[in-house]
Every structure is written in structure tokens, then in C-alpha cells.
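# Coordinate inspection notes
Listed below, chain by chain, are the residues.
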Amino acid sequence: MIGLTQNLAFLPFIPQQGVSLAIYIFGAMAIGVIFLFMLTKVPVRYRKPIIVGVTFLMGWFYFLEFVIPGNSESASVRGRLKAAEQRLRVASHILNEAVVRNGSGQPAAVVQNSHKSVARAKEPLALALEDLKAAQSSIDGMRPEVERRFERETARLDASVVRNRLTEKMVERDEETGKVLNVHTRALKKEIGDFEAASSRVGTAISAIGEAQSVFSGAPGEGLEKAAGAVSGAAEMAVDARVALSENFLTPYKEPIANVVLVLGAFAVGLGVYSLLSIHGKGVLNRRPGWINGLAFYIAFVSMTAFGLLQKYASADAPLGTLSQSFYGILFSGVLASLQATMFSVIAFYIVSAAYRAFRIKSGEAAIMMVAAFLVMLSLVPFGVWLTSWLPREGWLAVFRLENIGSWILNVPNTAAQRGMAFGIGVGMLAMALRIWLSLERGSFFDKQA
Amino acid sequence: MRLTNIQKIDRRIIYLLLVVVVAVPIIWDFLRQPLEMSRDVTGVYDAVERIPKGKIAIISAYWSAGTLAENRPQTEAIMEHLFRKDVPFAIIPWDQLGTTLVYNSADKIAKEMGKEYGKDWISFGYQPIVIVGYFEQVAQAMPLDMHGTFKTDKFDTPLSKIPMMRGIRTARDIGLLVDVTPSGTVQAWISFLGQPYKVPIAYAPTGVMVAEGYNYLDAKQIVGMLPGLIGAAKYEMLLEERGFALRAANALSTSHVLIIALIVLGNVGYFLSRRQRQRM
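Please read all numbers here as calculations on a predicted model, not as lab measurements.

Moving on, we get to the interface of chain B and chain A. Across the contact, 43 residues belong to chain B and 44 residues belong to chain A. With 13 residues, the top contributor of residues to the side of chain B that touches chain A is helix α10 (residues 244-279) of chain B. Partitioning the side of chain B that touches chain A into residue classes produces 24 nonpolar, 15 polar and four charged.

Okay, structure coming up:
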């Protein structure tokens, strides 16, 4: 709920610390509880349309944010940058063709007649340089207007701080400039940052082209791989600059909406805690079978929470602080970590016992599986390597070394099977996501609600 | 005792045997068996060696006490290598318990190697992956603005005031991301960091997740992989440092041999009893 209110435009100031922050947190929590209570009172027949509507709207928001191009002011700049990138890629390709590479992809030599390649690359490079310079000039021209808007907005907020007699504790300021931040000024600051980033990337790209062009004036063929690398780097920079300018009118709302999603996720954690407390509480109060476990849960929950908070907030010099730190250490490292490690270790015993009892060769497939399992298990451990260490490392006999057999199984049949499964799962997930989004899904939840 | 009974060994005997074959090689480090180096492990090693000056490494640690035996040696081996190469690194811990465990590991190695918190390494502090969608959002936001995404370190110090993080803001400043995890988090790193920004990604999964990792390795979406405990042992070999993983690798050998022997015994007993039934 704090995240939700933080994103409301009509609430420009978020308390940063002290009592006002505590009031803000508890107030937000109260609103959250009221909100949840109201949701429980929604008639059953309206619940499904609400869920479907929210899911549909959220889906549309992200879809539109993705497909709508950036604002019209920067559209021509992005066009220039796209053209520059394509020309740089062409030049990079021509130059790379002139460099012979070895097996590991490292440049080994320069082919003869490389001067012809250089001549071919010069034209796209010159055009790209022209595009980049024009783009940089436009970016630098657009930035002052946004800076002015930022200044105007922060001045307005400053006046508001004075008018409403707000203390510094209630205001969030930018670490670098000390300007007051709210949803709008934060978005404007980001926009300025994007312009800076784009301009800097374009500047780097222009320098890289200059570096490549200086190579061409040297001895024929010399430093060609360096020039190719510089041009490729310039293309990447052009892409980065374009990405920095690709925001549309929906982009500033991505962060607030993402926060809403996180807050909803956090509600699930709170709900889980509530559910645990409720179930075990009823068990203890009614002395149901196993109530002692419920009591153990309550003791663990309360002591871990209390000592966790005390060790963080109580003064380390005070007796309470020292005591809580010691207890927290015992509970955390001595109990929680040991219990978790023990729980997972027990699995090993069950796996061995289950493998011994259940893994029987009852069919051809089971036999293949067992042989493959044995080979992979042995190939991974030192004993397996030792078993076939007498075989040569090179030549056709080397393929029978266990580590090579295991590696082949993992890299070839395993990878093929895994990819097949991954494609299947991917398609299935896509279908399921669409069904939920388009409210076609008839799961147990909706069936119960109907 | 009839031979067919070898498929009915008491489970307590099996448990005891497992304890012995795991504990003995770890406590008495007497076995010296060979380990063959593999390309997946050298890929990680080479990626660390290639991190350019001025860039940092990120260690995404989503492990806890449950998988500590595999993930901690992996994490510590990579941390040691990064410290040796003077590559600063930042830890993103995703698990409540793991946050302390990973911090303690880094702190211990840093003290041994005379490295300083804030200058050579930092921890971003616990990131609550339990909140649905949180991990994906961090993975998307971090490459664009690290300071804006994490804001402070483990001790609530603003990132802008930490010497190591000055000038480090975006994916361009990341030389390598190492994902140490018993889960499938590497997919998100590949999607949001590796592919769009060409940041090299190394994967350090637990043994059960290894089979899936070969897909990414084959497609060159990750630069290398430390397959479970054996991966950590091989990395220790490359660092010429005999740590826990190399000792435990022998325990892995003996336990694998025990499992294979038990499965063979179980099947021999099964075939003998089946033959007996057919004769009757």
C-alpha cells in the first residue's frame, strides 16, 4: 500500500524519516487493510470481472508501452541513429571480411587487396558520421527545454515546501542536486539523464569512427582489425543512444505500475503469514492433535521477529542490544541455518534408499536410462575419470574415456531433449497466458466463484 | 540368507553406509583421484580473466543453507579469483539466510587477502525474491541504473558514497555476472542482461540443475558453467587451491559408487527372484 500511495501524483511528499514516516506507514497499512476488507465485501458475481479487467488492463498497458513509438520530438533523431547504425554495420562487415580469423575467432592476418575493402567502407562510414553529428546536434538542442521544465517544476515544489511549512524529513531530495523530487520531477530528471546518456554515446561513436578513419590513412592493411572493432563499437553505441531516446508517453508510468505489482506480490507474503498464524493459533487454542507443533511455530515466529528487530534497532552498547545480538546469532546461524541444511541433507538418504528400492530394469527404456545414468554419474566424479584414465587422451580411443562419454550424453542427447521440452513448455505457457489474459481460463478458482 | 534378499537390505544399513562413504573422505582427506578439466569450467575462469579494467563483476547469490555444500564452494572459488585479479565485485543476495552466509564468505576471504569492503567488494543487501515479480523487475532495471535499482548497500550506505560504485551505473560497467543458484534464475539474467547488453554470464548451479545449463552453454548464452560441487572442485584446481570442494569431490565419488552398487544389487536380487518365480 505504501508503494501504491507513493505513486499517487496528488501526494507529492513522502515522509523520509521520524514520527511522520511512522504515521505514514501505519496510515498506509490501515488503508491497505480497509482496501482488503472492501474487496472481501465485493459480491461474488463481480469478482471474476474485476480480476479479468485488471489483468486485461495491465496486459494492454505493457503491450502498448512496447509497441507505441517514442515521442515525436525524438523520432527524427532515432531515425538518424538507426540509419547510422545500419551504415556502421555495413562498414564493419566490409572491414571484417578483410581480416582472416583463426579457429578461436581471433584476427590472424589481413587478406591481400585490403585497400579495396577500405575504399568500400569509407562511404558508409562518412554517411554514418554525418547522421551521428546531426543526431547529436538535435539531442543537445532538445535537452535545454526539458531542463527548463525540470527547473520550473522543482521551483514550484520548493515554494510548496515553504507554503505548507514542510520539514526536511518530509521531503525527498536528489542526492546530487538537492532538488525536491516527486513523481514528475523524477521522470524529468530521468529524461535529462537519457539525453545526457544518448549524447555521450553518440560522442563515443563519433570518436570511434575518427579512430577508424585515422587507421585508413596509415600503411595498407595495418590496424584493420582495430578499425573493424572500433566501427562495430560505434554501431553498438548508436543502438544504445537510440534505446535511451525510445520512451513514449506511457514509459514514465512503467515504474509506478511495476511498484503496484510488487505491492500486490507483497500482500501475498502477508497473507501467507496471516494464514500460518491463524491455522496454528486455532490448533493451539483448541488443543487439536499436533498443537505442540503450532506452539513451537509461535515461539519461533515471535522470538525470531523480536530478536531480529532488537538486534537491528537496539543500541549495540546497551545490555539489551548485546543480548539480542547474541540470541539472534544463536537463532539464525545455530538453529535456522542448521535446520535448513539438515532438511536438505535428509533428501540424500531418501534418494539413495529410493534408487535402491525402485530403480528396476523392467523394460528396454529403463535399461537405457540406467546405463546413461551410470555413465553420467561416473563421468562427473574423480573415480570415473580414474577408471578410464589408462585410455589415451587423443585419438579415436579417447572417445571411450568416461568423462568424454558423459560429456557427449550431456551435450548432445540431453541438450536436444531439454530444448524439445523447453519449446513445448514455452508454447504451453504462451497459450496459458493468453487464455488468462483473454479470460478464457476456467480454473478451480473461477469455478468456485461461479 | 537367500541371494534374492539382496534387494531387501534394511534401509538403516543403507543410511549408515551413506554416512560412512560421505564422511570418511571429507574428514580424512586421503584420496587423491584425478579430475579432468572441462570447457564449461575453463569458460568461467577465462571470463574472469578477461574482465576489463574499470568494470565490476556481479555475483547473484540465490542460495541458502540447504544448498550450501555446493553453492558456497562455487561462490568462494569465484570470489577468490576476483580478488586475485583485483576485480571489484558486488553481491546481490536473494535469500534471507543466504544474505548472511554469502556476506560471511566474502568477508572471510577478503580478510585473508587483505581486501576492503566498499573498495574491493560490496553487498547490495537482501533482495526479497519471495515477492512475485521482484526478481524480474530488478533484472530489468539493474542494467539501466544500478544506483536507482538498489539505492543503498547492506549497511544502508547510499551507493553514490561507496568508492567502488563511483562511475559504475549501467550494464556497460558490468564485466561479468555470475549466477550462483539452485534455481532457474539464469534465464532471466540471459533475457534481461546477457542478450540485450552482451554482458557475459557465468552459471553456477547445483548438480540437479546442470542438465538444463548445457542448453545455454551450447547456445553461447552463458560463457561457462560450474556444474555443482564438481565444478567448484575443478575451479579450485585452476586456482591451485585445495579447498572444501576438492575434498568433497572424493566423497561424491564414493557416494556415487555406493548408489551404483546398491542399484546393481537391487536389480540382481530382482532378476534372481523373478527367475525363481518363473521356475515355480
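As a further point, take unusual backbone geometry. All names here are of chain B. For Asp-86, which is not glycine, the phi torsion reads 60° and is therefore positive. Its location among the elements puts Asp-86 in the loop between α3 (68-84) and β2 (89-93). One non-glycine residue with positive phi stands out, namely Lys-198, at about 55°. The class of Lys-198 is exposed, set by 10 C-beta atoms lying within 10 Å.

Before going further, it helps to examine helix α14 (residues 413-437) of chain A. In a regular helix each residue adds 1.5 Å, so 25 residues correspond to 36 Å; α14(A) covers 36 Å between its end C-alpha atoms and thus fits that length. Of all the 25 residues making up α14(A), one are buried; the element is thus mostly uncovered.

Residues and elements named next belong to chain B. For strand β5 (residues 201-205), the buried fraction is high: five of the five residues fall into the buried class. The two faces of β5 match: Ile-201, Tyr-203 and Pro-205 on one face and Ala-202 and Ala-204 on the other face are all buried. Two strands pair when backbone bridges link them, and strand β4 (residues 174-181) and β5 are joined in this way by five bridges, in the parallel orientation. Bridging across to β5, Asp-179 finds its partner in Tyr-203. At this point the chain moves from β4, through helix α7 (residues 186-197), to the parallel β5, and the crossover so formed is right-handed. At this point the chain moves from β5, through helix α8 (residues 210-218), to the parallel strand β6 (residues 224-225), and the crossover so formed is right-handed.

Attention now goes to the packing of helix α8 (residues 254-285) of chain A against helix α9 (residues 291-313) of chain A. All names here are of chain A. Between α8 and α9, the shortest axis-to-axis distance is 8 Å and the interhelical angle comes to 130°. The orientation of α8 with respect to α9, classified from their angle, is oblique. Considering the relative orientation of α8 and α9, their crossing is left-handed. Contacts from Leu-276, His-280, Gly-283 and Val-284 in α8 reach Trp-291, Gly-294, Leu-295, Phe-297 and Tyr-298 in α9. Looking at side-chain class alone, the contact of α8 with α9 contains six nonpolar, three polar and no charged residues.

The biggest cluster of nonpolar side chains holds 87 residues, and the ones touching the most others in it are B:Val44, B:Ala57, B:Phe89, B:Ile201, B:Ala202 and B:Ala249. Take this core: its biggest share by element is seven residues, from α3(B). Setting aside its immediate chain neighbours within four residues, B:Val44 contacts B:Ala202, B:Val223, B:Gly224, B:Met225, B:Leu226 and B:Tyr235. Counting residues in each nonpolar core, the second largest holds 38 residues, with A:Val99, A:Ala212, A:Ala234 and A:Ala235 among its members.

What follows covers the domain arrangement of chain B. By a widespread convention, an interface's size corresponds to the accessible area lost as its parts come together. By the assigned domains, chain B splits into domain 1 (3-30 + 252-279) and domain 2 (39-242). A C-alpha centroid distance of 39 Å is found between domain 1 of chain B and domain 2 of chain B.

All names here are of chain B. Across the eight residues of β4, eight count as buried, placing the element largely inside the fold. In terms of strand pairing, strand β1 (residues 56-61) meets β4 through six bridges, oriented parallel. Within the sheet, the bridge partner assigned to Ile-56 lies in β4 and is Ile-174.

The next thing to look at is the sheet that holds β5(B). Residue and element names in this part refer to chain B. Ordered in space as β3-β2-β1-β4-β5-β6, the six strands form an open sheet in which the pairing is parallel. At either end of the open sheet lies a strand with only one pairing partner, and these are β3 (121-123) and β6. With three bridges joining them, β2 and β3 adopt parallel strand pairing. Paired with Ile-91 across the bridge in β3 is Ser-123. Sheet strands touched by α8: β5 and β6. Its angle to β5, the strand with the most contacts, is close to 170°.

What follows concerns the environment of B:Ser60. All names here are of chain B. Checked against the element boundaries, Ser-60 lands in strand β1. For Ser-60, a count of 28 C-beta atoms within 10 Å gives the class buried. In the structure, Ser-60 is positioned 118 residues away from Val-178 in sequence and 6.1 Å away in space, judged by C-alpha atoms. Those residues in contact with Ser-60, other than ones at most four positions away along the chain, are Ile-92, Leu-177, Val-178, Asp-179, Val-180, Thr-185 and Trp-189.

Parameters at a glance
- Along each chain, numbering runs from 1 in the same order as the chain's sequence is written.
- The lettering of chains begins at A and the numbering of ligands begins at 1, in the order of writing.
- Local features are withheld for residues below a pLDDT of 70 in this predicted model, meaning they are given only at 70 or higher, and side-chain atom pairs are given and counted only at 80 or more; totals for whole chains, interfaces and linings count all residues.
- Contact definition: two residues whose C-beta atoms, as placed from backbone geometry, lie within 7 Å.
- For helices the rule is a DSSP run of H or I covering at least 4 residues; for strands it is a run of E covering at least 2, with both sets numbered from the N terminus onward.
- Residues were grouped as follows: Ala, Val, Leu, Ile, Met, Phe, Trp, Tyr, Cys and Pro as nonpolar; Asp, Glu, Lys and Arg as charged; and all remaining residues, including Gly, as polar.
- Buried means a residue has 20 or more other C-beta atoms within 10 Å of its own C-beta, exposed means 12 or fewer, and partly exposed covers the counts in between; C-beta atoms are placed from the backbone.
- A helix is expected to reach a length of 1.5 Å times the quantity of its residues less one.
- One requirement defines pairing of two strands: DSSP has to find at least two bridges between them.
- Clockwise travel from the first strand over the helix to the second, with the strands pointing away from the viewer, marks a crossover as right-handed.
- For every element, the axis is a line fit to its C-alpha atoms; helices are fit only across the contacting stretch, and the angle between N-to-C directions ranges from 0 to 180 degrees.
- Each angle is binned into one of four classes, with values under 35 degrees roughly parallel, values over 145 roughly antiparallel, values of 65 to 115 roughly perpendicular, and all other values oblique.
- Each crossing gets its handedness from the near helix: less than a right angle anticlockwise from the far helix is left-handed, clockwise is right-handed.
- Any nonpolar core is a set of buried residues, restricted to Ala, Val, Leu, Ile, Met, Phe, Trp, Tyr and Cys, that join up through C-beta atoms within 7 Å.
- What marks off one domain from the next here is an automatic or database domain assignment.

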